[in-house]
Amino acid sequence: MSFSGTFLGKLLPCLTWLPTVDRTTLRADLFAGFTNATIVLPQAIAFATIAGLPPEFGIYTAMITPIVAAIFGSSMVMISGPTTAISAVVFNALYLKHDPGSPEFIESALILTLLVGAFQLALGLAKLGRLVTFVSHSVLVGFTAAAAILIGISQMGDVLGVVVTRGGTVVERAYNLFLSVDVVNWRSIVIAGFTLALVVVFRHISKRLPSFMLAMVGGGLLAWLLDARDHGVAMVGELPSITPSFYMPDITLESAGALSESAFAIALIALLEAVSIGRAFATRTHTRFDANQEIIGQGMSNFVGGMFQAYPGSGSFTRSGVNYEAGAKTPLSAIISSILLGGMLFFIAPLISLTPLPAMAGIILYVAWKLIDRKEIRHILRSSRSDSAVVIATLLAGLFVRLEFAIYVGVILSLLIFLSKSARPKLAISSPDPSSTRRSFRNVIAHSLVECPEIVFARIDGAVYFGSVETIEAEFRKLERDHPGQQHLVLVLKGVGEIDLAAADMIVEEHLRRRARGGALYIVARYPPMLKRLRKLRVIETIGAENVFESKGTAIEQLVSRLDDDTCRNCSARVFLECAGRPGAPELEPSVAQEAEAKVMEALAAARETESDPAAASEEGTAQVDGDAATPARSESGGAGGAKRPSAAAGDV
């Protein structure tokens, strides 16, 4: 029985992939699960250290979070658990309130996990997963770079073997470290450097090797040879318990309120990580990925994890990558990884207590270094000034202010940049191109085209709403100043997706303004929802239904007869074919006149055919073929009365 698309399948997504498990997929998932278990053990301990928690809480997170996320999530190969960035934010959210590692600190971390899960579940159940897309990629790049630097600085105390005051911004931590380096332990430096070198070597040999585990063992052996424990080198210490147990932290309105801001920031970061990883691997595995379902899965994993002594987790790119490379076929590999991790601990837990902290610091330094996406930062800095501003602002906020505050700085700046761009739509002026056989309208500046001295065709490319009204009005006034004779404005709304009341009022005001000067405003719109919106906002009622056209060709056919006879009589541009029937046009022989009329009808027929065939609607770049008949040959300079605009870079219309 297939549960795909059913209510039960949506409630428990695992029911959709469990029936696909067979001997082949099980064998692949077992191998991938074992590989991940060997990798996550040192990672879990290291990440718990970053979060200011005892090592066992990282292990609990690596056990509980992947199982729940596999049951309720959407990705087939992503594995959840503790991550570096979230661990750093957890520490920064709590260290000012409680001493790291203290019972109060642990209690707050568990409350924080429950709140993170609750926020994520609320977003998922309300189908508001799209909110995650407002956190741009540039924000994540800047944030992870700041987190990596913060993590690296925080581990330097263990690397040097000195006691450093914990907490604070990167600058504060660096200053505290500087004050503490009067006496360093050379054994700590050697152990950290040796462990770091082992990680680099093993990762270079093969990414499938349990590099962190082997490096941790190597660092422990070196510490034993150097008799490091008796010479002041700190050890991880004994694990009080290797299995998580049910525990409900004491949540009060006061504690929830104090942690809610940090919890929402962590929820946002975690979801962005998980959705990004899930989409990336869905593309590689050619499987379906439901971002909203994954948000629910992440929320469930953190909410349940908070009741089993786990701290906030998310999708892990490292573990997910290893899972994919190891050949995992279903989320069962994540469940197997957690079970095998628990089994391994029964045998090697005593050895973990002998692991030197400098060895863990060496591993964490490698993780922090890899967390900085240097290639992507260079790409952003070279390609986009706005994205560069977002990356730099987020990075600086993470370095000089609170790390979780950096995510808000990045999001707000991204939205401000987006609003600034959307508030400046392009007003492209177009005219028929004589070289086109279908009356294609093109940008008059880019193609040095001649315009009618009485009619101006303007297409709005971008959002038309209250934020862009001022920009559009300024463009209208510029048209009025530069070409006062063009009293008839044809506004093409084919590049406009939506329109609000403020924009509707602007269009009506422009129509009344032009009518007072003897002209009018006309609209070219074909999209039914747009026409419906214009009717609802009473735009069509105000300017008149006779002034609304489906295409520019139809507009020309109707408007040419409304032009001023004296202006036409003195104009030699003859921009439109219909100008042949206006005063001042050269007299044609009857046969020639019939031929010209046939060309007009042929062009209009071609126009309507093009209107119904979107595939043919683009002839060159963004040049739109709106069914407008071909224009006759005319003077390149425009002739008497022809309007010309100064040359400037612009795209086709």
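All values derive from a computational prediction rather than experimental measurement.

Visitor: So what's going on with the side chain of Ser 75? Residues and values would help.
Guide: In this fold, Ser 75 is placed in the loop between helix H4 (55-72) and strand E1 (79-81). Using a relative accessible area of 10% as the deciding quantity, one classes Ser 75 as buried. A polar contact is formed between the side chain of Ser 75 and the backbone nitrogen of Met 78, at a distance of 3.1 Å. In this structure Ser 75 touches Gly 278, Phe 289, Glu 294 and Pro 331, once residues within four positions along its chain are discounted.

Visitor: Hey, could you go over the side chain of Thr 65 for me, with residue numbers and the actual values?
Guide: Residue position: Thr 65 is located in helix H4. In this structure Thr 65 comes out as buried when scored by relative accessible area, which is 1%.

Visitor: Quick one: what's the story with helix H17 (residues 385-400), residue by residue and with numbers?
Guide: Compared with the 22 Å implied by 1.5 Å per residue over 16 residues, the 22 Å span of H17 between its first and last C-alpha is a close match. Taken together, the buried positions of H17 are Ser 386, Ser 388, Val 390, Val 391, Thr 394, Ala 397, Gly 398 and Leu 399.

Visitor: Could you give an account of a nonpolar patch on the surface, naming the residues involved and the relevant values?
Guide: A surface patch of nonpolar side chains, amounting to about 600 Å² of accessible area, comprises Val 171, Leu 381, Ile 392, Leu 396, Phe 400, Val 401 and Phe 405. With respect to the helices and strands, the residue Val 401 is situated in the loop between H17 and helix H18 (403-422). Given a relative accessible area of 35%, Val 401 falls into the partly exposed group.

Visitor: If you had to explain the pattern of salt bridges to someone new, which residues and values would you point to?
Guide: One pass over the structure, following the stated rule, counts 13 salt bridges. Across the pair Arg 513 and Glu 480 runs a salt bridge whose closest N-O atoms are separated by 3.0 Å. One end of the pair, Arg 513, is in helix H20 (residues 501-516); the other, Glu 480, is in helix H19 (residues 469-482), with 33 residues separating them in the sequence. Members of the salt-bridge network, linked through shared partners, are Arg 477, Glu 480, Glu 510, Arg 513, Arg 514 and Arg 517.

Visitor: Kindly report on a negative patch on the surface, identifying the contributing residues and their values.
Guide: Side chains of Glu 470, Glu 473, Asp 505 and Glu 509 sit close together on the surface and give a patch of like negative charge. Elements with a minimum of two residues in the negative patch: H19 and H20. Checked against the element boundaries, Glu 473 lands in helix H19. What makes Glu 473 partly exposed here is its relative accessible area of 34%.

Visitor: Describe a positive patch on the surface, and please don't skip the residues or the numbers.
Guide: A surface patch of positive charge is lined by Lys 207, Lys 370, Arg 374, Lys 375, Arg 378 and Arg 382. By residue number, the principal contributor to the positive patch is helix H16 (residues 374-383), which donates 4 residues. With respect to the secondary-structure elements, Arg 374 resides in helix H16. By relative accessible area, which is 32% here, Arg 374 ends up partly exposed.

Visitor: With reference to specific residues and values, describe the packing of aromatic side chains.
Guide: Using the criterion set out here, one finds 11 aromatic pairs in the structure. Taking 5.6 Å as the distance between ring centres and 70 degrees as the angle between the ring planes, the aromatic pair formed by Phe 57 and Tyr 60 counts as edge-to-face. Of this pair, Phe 57 and Tyr 60 both sit in helix H4, 3 residues apart, roughly one helical turn. For Phe 57, a relative accessible area of 7% gives the class buried. Residue class for Tyr 60 comes out buried when judged on its relative accessible area of 3%. Taken together, a centroid distance of 6.2 Å and an interplanar angle of 70 degrees make the contact between Phe 212 and Tyr 366 edge-to-face. Of the two residues, Phe 212 is situated in helix H10 (residues 211-225) and Tyr 366 in helix H15 (residues 357-371); the sequence distance between them amounts to 154 residues. Assigned by exposure class, Phe 212 and Tyr 366 land together as buried. Among the aromatic residues, those joined into a ring-pair cluster are Phe 91, Tyr 95 and Phe 105.

Calculation notes
- Residues numbered from 1 in each chain as written.
- Predicted model: local features only at pLDDT ≥ 70, side-chain atom pairs only at ≥ 80, totals over all residues.
- Heavy atoms only, no water.
- Helix = DSSP H or I, 4+ residues; strand = E, 2+ residues; numbered from the N terminus.
- Buried < 20%, exposed > 50% of the residue type's maximum accessible area, 1.4 Å probe, protein only.
- Polar contact = N/O pair within 3.5 Å; in protein donor to acceptor, adjacent residues only side chain to side chain.
- Contact = heavy atoms within 4.5 Å.
- Expected span 1.5 Å × (residues − 1).
- Patch = residues over 30% accessible without salt bridge, like charges linked within 9 Å, V, L, I, M, F, W, Y side chains within 5 Å.
- Areas by Shrake-Rupley, 256 points an atom, 1.4 Å probe, with all protein chains shown as cover.
- Salt bridge = Lys/Arg side-chain N within 4 Å of Asp/Glu carboxyl O.
- Lys, Arg positive; Asp, Glu negative; His and termini not counted.
- Charge placed at Lys NZ, Arg CZ, Asp CG, Glu CD.
- Phe/Tyr/Trp six-rings, centres within 6.5 Å; stacked < 30°, edge-to-face > 60°.

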